[in-house]
Amino acid sequence: VQLQASGGGLVQAGGSLRLSCAASGRTFSNYFMGWFRQAPGKEREFVAAITRGGSSTFYADSVKGRFTISRDNAKNTVYLQMNSLKPEDTAVYYCAARRLGTDVDVPFDWWGQGTLVTVSS
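In this report, the structure presented in the accompanying data block is examined. (Residues numbered from 1 in each chain as written. Predicted model: local features only at pLDDT ≥ 70, side-chain atom pairs only at ≥ 80, totals over all residues. Heavy atoms only, no water.)

### Considerations on the overall build of the chain
Check the secondary structure of the chain and you find zero helices and 11 strands. Across the chain, helices and strands are ordered from the amino to the carboxyl terminus as β-β-β-β-β-β-β-β-β-β-β. Scaling as 2.2 N^0.38, a compact globule of 121 residues should have a C-alpha radius of gyration of about 14 Å, and the chain matches this with 13 Å. The dimensions of the chain, computed from C-alpha atoms along their principal axes, are 40 × 25 × 25 Å. Counting over 121 residues, the chain shows a buried share of 42%. Pairs at least 24 apart in sequence give 56% of the contacts found in the chain among residues at least 6 apart. Surface accessibility of the chain: about 6100 Å² in total, with carbon and sulfur atoms responsible for 47%. Between the centroid of the 13 positive side chains of the chain and the centroid of its 9 negative side chains there is a distance of 7 Å. (Helix = DSSP H or I, 4+ residues; strand = E, 2+ residues; numbered from the N terminus. Rg over C-alpha atoms; globule rule 2.2 N^0.38 Å. Buried < 20%, exposed > 50% of the residue type's maximum accessible area, 1.4 Å probe, protein only. Contact = heavy atoms within 4.5 Å. Areas by Shrake-Rupley, 256 points an atom, 1.4 Å probe, with all protein chains shown as cover. Lys, Arg positive; Asp, Glu negative; His and termini not counted. Charge placed at Lys NZ, Arg CZ, Asp CG, Glu CD.)

### Topic: the side chain of Arg37
For Arg37, the position within the fold is in strand β4 (residues 32-38). At a separation of 2.6 Å, a polar atom in the side chain of Arg37 contacts the side chain of Glu45. Looking at Arg37, its side chain comes within polar contact range of the side chain of Tyr93, at 2.9 Å. When residues no more than four places from it in sequence are discounted, the contact partners of Arg37 are Glu43, Arg44, Glu45, Val47, Ser62, Val63, Phe67, Glu88, Asp89, Ala91, Val92 and Tyr93. (Polar contact = N/O pair within 3.5 Å; in protein donor to acceptor, adjacent residues only side chain to side chain.)

### Comments concerning the environment of Ser120
Within the element layout of this structure, Ser120 appears in strand β11 (residues 115-120). Setting aside residues no more than four positions away along its own chain, Ser120 makes contact with Leu10, Val11, Gln12 and Ala13.

### A few points about the packing of aromatic side chains
Aromatic rings considered in pairs are described by the distance between their centres and by the relative angle of their planes. In total, this model carries seven aromatic pairs according to the counting rule given. Considering the side-chain rings of Phe32 and Phe58, the 6.0 Å spacing of their centres and the 75 degrees angle between planes classify their relative orientation as edge-to-face. Taken together, the residues Phe32 in strand β4 and Phe58 in strand β6 (residues 57-59) connect sequence positions 26 residues apart. Residue classification places Phe32 among the buried residues on the basis of a relative accessible area of 0%. Aromatic pair Phe36 and Phe46: ring centres 5.7 Å apart, planes at 75 degrees, arrangement edge-to-face. Placement of Phe36 in strand β4 and of Phe46 in strand β5 (residues 45-50) is noted, with a sequence separation of 10 residues between them. In this structure, Phe36 and Phe46 share a single accessibility class: buried. The rings of Phe32, Phe36, Phe46, Phe58, Phe108 and Trp111 are connected pair by pair, giving a single aromatic cluster. Across from the ring centre of Trp111, 3.7 Å away, lies the NZ or CZ of Arg44, which sits over that ring. (Phe/Tyr/Trp six-rings, centres within 6.5 Å; stacked < 30°, edge-to-face > 60°. Lys NZ or Arg CZ within 6 Å of the ring centre and 35° of its normal.)

### Remarks on the state of the cysteines
This structure, assessed with the given rule, holds one disulfide. In this model, Cys21 is linked to Cys95 through a disulfide, with the two sulfur atoms separated by 2.0 Å. Taking the sign of the torsion about the S-S bond as the criterion, the disulfide between Cys21 and Cys95, at about 60 degrees, is right-handed. Here Cys21 is found in strand β3 (residues 17-24), whereas its partner Cys95 is found in strand β9 (residues 91-98), with 74 residues between them in sequence. Neither Cys21 nor Cys95 differs from the other in exposure class; each is buried. (Disulfide = S-S within 2.5 Å.)

### Observations concerning unusual backbone geometry
Of note, the phi angle at Asn76 is positive, near 55 degrees, even though the residue is not glycine. Tracing the backbone shows Asn76 in the loop between β7 (67-72) and β8 (77-82). Looking at Asn76, the relative accessible area reads 26%, which means it is partly exposed.

Now the structure itself:
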């Protein structure tokens, strides 16, 4: 499956952005989808994930209550709505897909190219 992330940009602290990740190549609804991020000088970290039908979602503690992951299987797209953004949310955000399971600690199979989010103070 090919993944294309978009929607990043520069936003002031307290603002909002919505990231999108369009998938192509295979049946999108078969995939457990996730968002990860990597800040400068830091390791990549899990942000959020959503099950194939969208009934269950998972979040890192650092974004819980501020970020919302959703998906539209008819449009082959997963979204990350980011509200109340903080400077520490600055990172390259990646979407990822996995064929099996729903454990966020298990490596994902396919990755998008990343989209940069910069939050100014």
